[in-house]
Amino acid sequence: MRAALKEAEKAQGQTSPNPAVGAVLVIHNRIVAKGHHRGAGREHAEIECLRSFDAPVPARATLYVTLEPCSTVGLTAPCTDAILKAGVRKVVVGAIDVNPRHSGKGIVQLRNAGVKIREGILARECARLNEAFNKWIVTQRPFVIAKCGMSLDGRLTRPPGEPRWITDVSARRHAQGLRARVDAILVGAETVRADNPRLTVRGVQGARQPWRVVLTRSGSLPRRARLFCDRLTARTLVYRRKSLASVLKDLGKKNVTSVLIEGGGDVLGQALDARLIDKVQLYLGPILTGGPIIAFSGRGAEATVNAMRLDRVSYKRIGQNVRITAYPKIVAPE
């Protein structure tokens, strides 16, 4: 299953609005074929894996797949039909599909046809691979990642006239990989005015360009901003006088499954205050700036008990920076 996960990871950021899925075929504890879903409308992982074997599948073979095989007709034929046609008699499944159209049905169909099924193998890892898809398919709202490069004193900027960067090249290069895995990058109007960002994916081979989304109250944006003048202008959306929640709802309708909020402090603060954040990814630079822009400059919690607590926190050193990844802690009602 870990080999199947590695296959699925090859297409992260390429399959939206479909999930990333990997599959491997095993005979006598040896992997004989691999496959992964490469994008909407293209063959699913199971089919690519079985076709790459290019021989009759023996009864002793086992197919490992990170996500429950689909059983309904979409842009492609059902994977369950392909599995049965190939003669596969044993299937090991990672995560159950949360899509109500598919959930559990593929497993039932295969079992009814006499296929031996094991499910829930590395289920947590397999589900986390598609955390954005899983939220979007159930709620029709995109998965929201709050990301910023900040100083140790919680600032997004240096004092006026100083160089703009808080983190170093290695951290910024790492952040490009995060951009490559989302469907949209969202910023506020002040970020466009102050930084004139491109919001493009750079240095990641084969990456898709996410939508570039701008929130503005006044609608007064510089006409010569890169977002409106480069070859990707058609990939830029501007929302005027819309709440962040309503913007996310509209993006979900546009099949945007994941949104990366990159700033500034006002928009990050709005997301925090409205509890719209599903994940945080912070890059801490080894500097104390005293700069004017505070990260997450919202209303703030009225009391410590109401603060957003974080769970599943991980730390990684990147050059002289530290990346912190975490998820809001779900508090069970009393």
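Values in this document were obtained by computation on a predicted structure and should not be read as measured data. (Residues numbered from 1 in each chain as written. Predicted model: local features only at pLDDT ≥ 70, side-chain atom pairs only at ≥ 80, totals over all residues. Heavy atoms only, no water.)

Visitor: I tried to follow the overall build of the protein chain on my own but got confused; where do I start?
Guide: Each helix and strand counted, the protein chain has 11 helices and 13 strands in total. Rg of the C-alpha trace for the protein chain: 22 Å, near the compact-globule value of 20 Å for 334 residues, within the 12% margin. Its C-alpha atoms put the protein chain at 70 × 50 × 35 Å along the principal axes. The buried share of the protein chain, taken over its 334 residues, is 48%. Within the protein chain, residue pairs in contact and separated by at least 24 positions form 71% of the contacts whose partners lie at least 6 positions apart. Total accessible area on the protein chain is roughly 17200 Å²; 50% of this is exposed by carbon and sulfur atoms. Of note, the protein chain has its 55 positive side-chain charges centred 3 Å away from the centre of its 27 negative side-chain charges. (Helix = DSSP H or I, 4+ residues; strand = E, 2+ residues; numbered from the N terminus. Rg over C-alpha atoms; globule rule 2.2 N^0.38 Å. Buried < 20%, exposed > 50% of the residue type's maximum accessible area, 1.4 Å probe, protein only. Contact = heavy atoms within 4.5 Å. Areas by Shrake-Rupley, 256 points an atom, 1.4 Å probe, with all protein chains shown as cover. Lys, Arg positive; Asp, Glu negative; His and termini not counted. Charge placed at Lys NZ, Arg CZ, Asp CG, Glu CD.)

Visitor: Help me understand helix α7 (residues 169-179), please; the structure alone is not making it clear to me.
Guide: Among the residues of α7, those classed as buried are A171, A175, Q176, G177, L178 and R179. Check the buried side of α7 and you find it contacts β6 (143-150), β7 (184-188), β10 (258-263), β11 (279-284), β12 (310-318) and β13 (321-328).

Visitor: Mind showing me how you'd approach the packing of helix α2 (residues 45-53) against helix α3 (residues 79-86) here?
Guide: Think of two packed helices as two axes; the pair is described by the angle between the axes and how far apart they sit. Two elements in contact, α2 and α3, have axes separated by 9 Å at closest approach and are oriented at 25 degrees. Between α2 and α3, the angle is such that the two are roughly parallel. The hand of the α2/α3 crossing is left-handed. Packed against α2, whose contacting residues are E46, I47 and L50, the element α3 presents C79, A82, I83 and A86 at the interface. (Axes fitted to C-alpha atoms, helices over the stretch in contact; angles between N-to-C directions. Parallel < 35°, antiparallel > 145°, perpendicular 65-115°, else oblique. Left-handed = near helix turned anticlockwise from the far one by under 90°.)

Visitor: For this particular structure, what's the right way to read the sheet that holds strand β3 (residues 62-67)?
Guide: Hydrogen bonding along the main chain pairs the strands of a sheet, whether they run parallel or antiparallel. Read across the sheet, 5 strands follow the order β2-β1-β3-β4-β5 without closing on themselves; strand pairing throughout is mixed. At either end of the open sheet lies a strand with only one pairing partner, and these are β2 (30-36) and β5 (116-119). Here the strands of the sheet are splayed against their neighbours by 20 degrees on average, with no regard to which way each runs. Here helix α1 (residues 2-9) sits on the sheet and contacts β1 (22-27), β2 and β3; the angle it forms with β1, its principal contact strand, is near 145 degrees. (Pairing = 2+ DSSP bridges.)

Visitor: I would appreciate a short explanation of the environment of V91 in the present structure.
Guide: Residue placement: V91 occurs in strand β4 (residues 90-95). Along the primary structure V91 and V115 are separated by 24 residues, whereas in three dimensions their C-alpha atoms are 7.2 Å apart. Sequence-distant contacts of V91, that is, excluding residues within four places in its chain, are made with L63, V65, I83, V115, K116, I117 and R118.

Visitor: Looking at this structure, I do not really get the layout of surface pockets. What am I missing?
Guide: Rolled over the atoms, a probe as big as a water molecule pinpoints where empty space is left. One number sums up the size of the second largest pocket: a volume of about 920 Å³. Forming the boundary of the second largest pocket are 39 residues, of which Q12, R128, E131, R181 and K279 lie nearest the centre. At the level of elements, α1, α5 (123-129), α6 (131-139), β6, α7, β11, β12 and β13 are the ones that each hand at least two residues to the lining of the second largest pocket. At 4 residues, the largest contribution of residues to the lining of the second largest pocket is made by α1. Of the residues contributing to the lining of the second largest pocket, the split by class is 12 nonpolar, 14 polar and 13 charged. (1 Å grid on protein atoms, 1.4 Å probe; cavity = no way out; pocket = protein on both sides within 12 Å on 5 of 7 lines; lining within 4 Å. Points joined across faces, edges and corners; volume = space filled by probe spheres on them. Nonpolar A, V, L, I, M, F, W, Y, C, P; charged D, E, K, R; others polar.)

Visitor: In this structure, what is going on with α6? I would like to understand it.
Guide: Listing the buried residues of α6 in full gives E131, A132, F133, N134, W136 and I137. If you follow the buried residues of α6, they end up packed against α5, β6, α10 (244-253), β10, β11 and β13.

Visitor: Is there a simple way to explain the packing of aromatic side chains in this structure?
Guide: To describe a pair of aromatic rings, you give the distance between the ring centres and the angle between the ring planes. Inspection of the entire model under this criterion finds 0 aromatic pairs. We note R172 situated over the ring of W165; from NZ or CZ to the ring centre the distance is 4.0 Å. Between R235 and the ring centre of W211, over which it is positioned, the NZ or CZ distance is 4.2 Å. (Phe/Tyr/Trp six-rings, centres within 6.5 Å; stacked < 30°, edge-to-face > 60°. Lys NZ or Arg CZ within 6 Å of the ring centre and 35° of its normal.)

Visitor: I keep staring at the environment of V144 and nothing clicks. Help me out?
Guide: Considering the arrangement of structural elements, one finds V144 in strand β6. C-alpha separation for the pair V144 and G161, spaced 17 residues apart in sequence, amounts to 32 Å. For V144, the contacting residues outside a window of four places in its chain are L248, V259, I261, L276, I277, D278 and K279.

Visitor: Could you clarify how one ought to interpret the nonpolar core in this entry?
Guide: Generally speaking, nonpolar side chains in soluble globular proteins are found buried as a group. L25, V57, L63, I83, V88, V91 and I117 are the most contacted members of the largest nonpolar core, which has 33 residues in total. Looking at this core, the elements with two or more residues in it are α1, β1, α2, β3, β4, α4 (105-112) and α5. Examining the composition of this core, we find that 5 residues originate from one element, β1, more than from any other. With 29 residues, the next largest nonpolar core counts C148, A184, L215 and V280 among its residues. (Core = buried A, V, L, I, M, F, W, Y, C linked by side-chain atoms within 4.5 Å.)

Shape is all these values report; function is a separate question.
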